[in-house]
Amino acid sequence: MASPISQRRFELVTQLYGRAADFLRLEPGRLRFSLGVSLADLRLPFHVTPEAAALFPQGARQLAVMLLSRHRALISTGEFDRFLLVEEYSTLPALPQTLSPASGGPDTRATADLATLTHPLLTGGVMAAWLGPGGGGRSLVALVIELMRRAFAEMKESRGREETPALVALMLSSQLPGVEGALRTLELPPSMQRQLMTGATTGLYLALRLGVERALREAQPSEDLAARVESALGPMAVLGGTKLLLTGGSMLYGCELLAGVPDAEKLVAQYPGGLPVDTVRATLEQAIAKDDGVARRAELAVGLSALREGLVRAVCLGEGGGFKSALTQYLRELAMRPAALTALLADDKTRKQLVKDLRAYAETLKGSPAEALNGLATGIKEYSVKEPAAAAGLSRTGAHARYARAAPAFVCDRWLARSLFPLRRMMDPRTGDEVEGGLEAEYQAGRLYQLSTKPGPLLRSAVSAPVAHLFVDVKDFTRRTQLLGGAAMADFLRREFYLPILSDAKALHGGMVHLSDKGGVSVNNLLGDALSLSGTVDRLVTLAVGIRRHLVSYEKRLAQAISREQIEAALKDIEEEYERKLQSARPGVKPIIQKEKEAALARGRGEGLEAGVFVSYGPAPLVITLEDDVFGLSKVAIADRINESARGTARSGAARAKADALLARERQLRGNPSLAHPWLVFVGAPLSVQVPYSAEAEARAALKAGDMEAARRALEQTLRDALEEAAKQGEDAPGDIYNSGVAVSEETLLAYQEAVGDQRFFCQFQVAPETLHPEIHERYYFPPEPLRLTVGFHPTGELAEVFRFAGRVMFKGLERKGGMGVWELVDEHGVGRLFARHHASEWLRARWRAA
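Along every chain, residues carry numbers that run from 1 in the direction the sequence is written. Under the rules for a predicted model, residues below a pLDDT of 70 receive no local features and side-chain atom pairs below 80 are neither given nor counted, while totals for whole chains, interfaces and linings still include all residues. Side-chain figures throughout are based on the complete set of non-hydrogen atoms in the structure, without hydrogens or water.

1. Points about the overall build of the chain
Step number 1: Along the backbone of the chain there are 36 helices and 16 strands.
Step number 2: For the exposure calls, accessible area comes from a 1.4 Å probe over protein chains only, and a residue counts as buried if that area is under 20% of its type's maximum, exposed if over 50%, partly exposed in between. Classification of the 851 residues of the chain by burial places 50% in the buried group.
Step number 3: Pairs at least 24 apart in sequence give 74% of the contacts found in the chain among residues at least 6 apart.
Step number 4: In this description, accessible areas are obtained by the Shrake-Rupley approach with a 1.4 Å probe, and a residue is regarded as covered only by the protein chains that are shown. Counting only carbon and sulfur atoms, one obtains 52% of the accessible surface of the chain, whose full area is about 40100 Å². Under the scheme used here, helices are H or I runs from DSSP no shorter than 4 residues and strands are E runs no shorter than 2 residues, and both carry numbers assigned from the N terminus. We call two residues contacting when some pair of their heavy atoms lies within 4.5 Å.

Rendered as structure tokens:
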């Protein structure tokens, strides 16, 4: 009655003893791809293709129909005729009537032989046919072997970092809960339903076990990895829990568990960190001995199991030609019909006559056939209602010990099922509705494990081509909204902001879903006064130029949309507000308030409307779809470079403080108040001092006490540290950005040059400001530092665009080593027009000379 399955369960659990927490755990750092921000919400998105998933229910249904056909004598003709119309019946392979396998290689025959010992209905002939050509078991075994081969290959490619075979086993196990439902759709005869379902799912488990064993034999993995793979596809997972194992006639663990397993759940819960098999065995043996009813049922299970093993052995020898076919047929029926065997044993006269006949016939035989029949006759003779275990040559106590060797395997599987639950919960089956683009897009992007019957990696390497991300942000319209009113401003934004931009974007739209594969432009998000798009870099830079043109028109229209009366009333309010502030302000603060007043008046008049466009470059966005019965369908685009592009439209006053100060001085020196900045994008890192709270508290206390000198001393060390740090960083330290034009990241500029290489040629120049044309200097002030320009020309020699290096920025939360280079796309309406008029031909000649 020794069961190889029971023995393997013991080995697995013993191997895990004392280290289950570490053994049955996924480490995010060892996974090639996962979702979740912590171990608590770790998820592995996966998909089993319909073709692969169908093999599980189809195989189980086919085996159930094969078993029903093989044992059709157990049901009425009317009940069986109904199954002649079942789809699986028409494609059944030939069903041998033998108990032993009639075909197949060594692995198939070994599995079929084991099948005859695990369930009375599961004959070796049927099992071998199901695992052979045309059988669903063959396809299932092939699927497991192929997927495991891919898994081991990809594990090797990851240099063992990810234990891909264990993940595949867990993902395959997700298909098992649906098997029972598929079997129920057959509407099996009620009198045999539970036994047929148990037999079919037992066969399914043996097929998966065969596939795993062959894959492990081929790959020769470590013992730990082999244990993880086998644990995920254990009997408890395949048979759907404890019900079928306890009540469906299963003998997977060596005998039918007629007495149940006393305190199984209590034992599982008692040892969460590891199950001590010997302790559990001893506990069960004591529990069986204490309860006479349980003990009697355990003894009966052991006795019947021993007799059935004797019958199976004798039948297999008879089918091999060991003795006459009539006896073989009779013994086969007893082996396959537990009820017939029980009836025989209950009829003392018939039982004794069978013993006499078996011994008489055995005397005519020699070797194994004679030995098998004599052994079977002895078992039947020794069997009694009071001591059924005598059939196995055991005392009552010995029977209890034998049963207590089978029952712990059941407890082991319960413990494994509970221990694996957190891992199974981490497996995240996807339907394709979670993200825009569906399953194929996720798989191609390397964000989905896919188990398929078709060739291909389980997890693709991320091959998503980078795309550009554009963010446009119009700010400083709150006061204008107050002037116009919410409805008027909303209508104005719709006409002058959203619709023109979307119209241009639509013209560039490629009709695609996956930006990285098909190009084009896609809208990510529409915000109150901003818009985010993603697409190919050439189209988004083109769109940025068009947006800038619209914004120039937008600025003029917005100023015209406010009536003179509204402006005058608003300006009067601003004047009064700031006059009150100036009257109460300290002398040192008044200049600052005066500047704020001037800016507020400028905004009120409709001057200085500022809008920024920034284009970044990086991975395509992941678009998540959310559907709610109240709020409908929503889409959210997620990409770190979308955040970067939004940060790139910031307007940090500190970033342009130096430029403004230099411009103000130059205006005064020249006596030209209309002198302007040539640029709309500024990057600067003004000196800032972060004062620790302790120093601040000390300084404030000193000021409160009127001790200015003590306050200065409290801040002295902090100021010294800040100056030393500034000296280390130098003038080129990354800073903040003030963007009221069009800016691109350095990555974007390089990608743009590559994308339009067949339509442009680019030159890099370092231009001294003093060499620029006098007309340019009349309108604009240039600091003395040389200009770094990247100039693009059309093949005809006409100036296409000019990019100016603005500096390096460091966005909070998106820090990169050394900051990120930012280039301004020089405004074609301002200094860009003068560059084209006065310097384009000069730069082109310089390029030709250099070539």
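2. Things to note about helix α11 (residues 223-232)
Step number 1: In terms of burial, α11 is largely enclosed, as 8 of its 10 residues are buried.
Step number 2: Within α11, the full set of buried residues consists of Leu-225, Ala-226, Ala-227, Arg-228, Val-229, Glu-230, Ser-231 and Ala-232.

3. Here's the deal with helix α29 (residues 640-647)
Every α-helix carries 3.6 residues per turn, so stepping three or four residues along brings you back to the same face.
Step number 1: For α29, every residue scored as buried is listed here: Arg-641, Ile-642, Glu-644 and Ser-645. Within α29, the buried residues cover an arc of 160 degrees as seen down the axis, which keeps them to one side. This arc describes the spread of directions from the helix axis toward the C-beta atoms.

4. A look at the side chain of Thr-111
Step number 1: Within the secondary structure, Thr-111 is located in helix α5 (residues 106-118).
Step number 2: Sequence-distant contacts of Thr-111, defined by excluding residues within four places in its chain, comprise Met-127, Leu-131, Leu-206 and Leu-210.

5. What to know about empty space enclosed by the protein
Step number 1: Think of a 1 Å grid over just the protein atoms. A cavity is a set of points where a 1.4 Å probe fits yet cannot get out, a pocket is an open set with protein on both sides within 12 Å along at least five of seven lines, and lining residues have an atom within 4 Å of a point. Grid points are joined across faces, edges and corners, and a volume is the space filled by probe spheres set on the points. A complete count under the given rule lists 4 cavities of 30 Å³ or more for this structure.
Step number 2: Roughly 60 Å³ of internal volume is contained in the second largest cavity.
Step number 3: What lines the second largest cavity is simply Pro-45, Arg-430, Gly-432, Glu-434, Val-435, Gly-438, Leu-439, Glu-442, Arg-447 and Leu-448.
Step number 4: For the lining of the second largest cavity, the element with the most residues is helix α22 (residues 438-444), which contributes 3 residues.

6. Quick word on a negative patch on the surface
Step number 1: Exposure above 30% relative accessible area and the absence of a salt bridge qualify a residue for a patch, where like charges join within 9 Å and nonpolar side chains (Val, Leu, Ile, Met, Phe, Trp, Tyr) within 5 Å. Salt bridge, as applied in this entry: a Lys or Arg side-chain nitrogen positioned within 4 Å of an Asp or Glu carboxyl oxygen. Residues counted as positive are Lys and Arg, residues counted as negative are Asp and Glu, and His and the chain ends are not counted. The atom standing in for a charge is NZ when the residue is Lys, CZ when it is Arg, CG when it is Asp and CD when it is Glu. Residues Asp-433, Glu-627, Asp-628 and Asp-629 make up a contiguous surface patch of negative charge.
Step number 2: Looking at the secondary structure, you find Glu-627 in strand β8 (residues 622-628).
Step number 3: Looking at Glu-627, the relative accessible area reads 71%, which means it is exposed.

7. A short note on the pattern of salt bridges
Step number 1: One pass over the structure, following the stated rule, counts 40 salt bridges.
Step number 2: Between Arg-414 and Glu-265 there is a salt bridge, with the nearest N and O atoms lying 2.8 Å from each other. Of the two residues, Arg-414 is situated in helix α21 (residues 396-426) and Glu-265 in helix α14 (residues 264-270); the sequence distance between them amounts to 149 residues.
Step number 3: Assessed through its relative accessible area of 36%, Glu-265 is described here as partly exposed.
Step number 4: Through salt bridges with shared partners, one network takes in Glu-709, Arg-712, Arg-713, Glu-716 and Arg-720.

8. Remarks on the packing of aromatic side chains
Step number 1: Any two rings among Phe, Tyr and Trp, with Trp reduced to its six-membered ring, count as a pair given centres within 6.5 Å; such a pair is stacked if its planes are under 30 degrees apart, edge-to-face if over 60, and tilted if neither. A complete count under the given rule lists 12 aromatic pairs for this structure.
Step number 2: Taking the centre distance of 5.3 Å and the plane angle of 65 degrees together, the rings of Phe-805 and Trp-823 count as edge-to-face. Here Phe-805 is found in strand β15 (residues 799-809), whereas its partner Trp-823 is found in strand β16 (residues 820-825), with 18 residues between them in sequence.
Step number 3: A relative accessible area of 18% means that Phe-805 is categorised as buried.
Step number 4: Between Phe-835 and Trp-843, the aromatic rings sit 5.4 Å apart at their centres with planes inclined by 65 degrees, giving edge-to-face as the arrangement.
Step number 5: For Trp-843, a relative accessible area of 4% gives the class buried.
Step number 6: Each residue in the set Trp-679, Phe-765, Phe-782, Phe-835 and Trp-843 is aromatic and connected to the rest through ring pairs, giving one cluster.
Step number 7: In this arrangement the basic side chain of Lys-324 is found over the ring face of Tyr-361, its NZ or CZ atom lying 5.0 Å from the centre.
Step number 8: The rule for a charge over a ring is simple: NZ of Lys or CZ of Arg within 6 Å of the ring centre, and within 35 degrees of the ring normal. Taking NZ or CZ as reference, Lys-581 lies 4.7 Å from the ring centre of Tyr-578, over its face.

9. Remarks on unusual backbone geometry
Step number 1: The phi dihedral of Arg-159 falls on the positive side, at around 60 degrees, and the residue is not glycine.
Step number 2: When you line up the elements, Arg-159 lands in the loop between α7 (136-157) and α8 (164-173).
Step number 3: Look at Glu-187: it is not a glycine, yet its phi comes out positive at around 55 degrees.
Step number 4: Looking at the element boundaries, Glu-187 is found in the loop between α9 (177-184) and α10 (193-219).
Step number 5: Taking the relative accessible area as the measure of exposure, Glu-187 reaches 54% and is therefore exposed.

10. Re the sheet that holds strand β6 (residues 530-535)
Step number 1: The pairing criterion for strands is at least two bridges between them, as found by DSSP. Ordered by their spatial adjacency, 9 strands build an open sheet running β5-β6-β4-β7-β12-β16-β15-β14-β13, and the pairing between neighbours is mixed. Two strands close off the open sheet at either side, each with one partner strand: β5 (521-526) and β13 (761-767). Direction aside, neighbouring strands of the sheet carry axes that sit 25 degrees apart on average.
Step number 2: Bridge analysis of β15 against β16 gives 6 bridges, and the strand direction is antiparallel. Its bridge partner lying in β16, Arg-804 is registered against Glu-824.
Step number 3: Lines are fitted to the C-alpha atoms to define the axes, a helix being fitted only along its stretch in contact, and any angle between axes, read from their N-to-C directions, falls within 0 to 180 degrees. Relative to strand β12 (residues 742-745), helix α33 (residues 746-755) is tilted by about 85 degrees, and along the sheet it contacts β7 (611-618), β12, β13, β14 (787-793), β15 and β16.

11. Things to note about a nonpolar patch on the surface
Step number 1: Residues Val-689, Val-691, Leu-715, Leu-719 and Leu-723 make up a contiguous nonpolar surface patch of about 360 Å² in total accessible area.
Step number 2: Tracing the backbone shows Leu-719 in helix α32 (residues 708-729).
Step number 3: Leu-719 sits in the partly exposed class, given a relative accessible area of 41%.

12. Points about the nonpolar core
Step number 1: What makes a nonpolar core is a set of buried Ala, Val, Leu, Ile, Met, Phe, Trp, Tyr and Cys residues whose side-chain atoms join them at distances within 4.5 Å. Leu-44, Tyr-403 and Val-411 are the most contacted members of the largest nonpolar core, which totals 122 residues.
Step number 2: Here this core gets 14 residues from one element, more than from any other, and that element is α21.
Step number 3: Excluding its chain neighbours within four sequence positions, the residues that come into contact with Tyr-403 are Cys-255, Glu-256, Leu-257, Leu-258, Ala-259, Gly-260, Ile-288, Ala-298, Ala-301, Val-302 and Pro-408.
Step number 4: Membership of the second largest hydrophobic core comes to 35 residues, among which are Ala-505, Val-744, Phe-762 and Trp-823.

13. Digging into the side chain of Thr-748
Step number 1: As for its placement among the helices and strands, Thr-748 is situated in helix α33.
Step number 2: Apart from the residues lying within four places of it in its own chain, the contact partners of Thr-748 are Val-537, Val-615, Ser-616 and Tyr-617.

14. Here's the deal with the pairing of β14
Step number 1: Judged by how many residues are buried, β14 sits mostly within the fold: 6 of 7 residues are covered.
Step number 2: In this structure, β13 lies alongside β14, joined through 7 bridges in antiparallel fashion. Note that in β14 the partner of Phe-762 across the bridge is Gly-792.
Step number 3: For β14 and β15, the ladder comprises 5 bridges, and the chain directions are antiparallel. Bridge assignment links Gly-792 to a residue of β15, and that residue is Glu-801.
Step number 4: Hairpin geometry of β14 and β15 is characterised by an intervening segment of 5 residues between the two adjacent antiparallel strands and by a positive phi of about 100 degrees at Gly-797.

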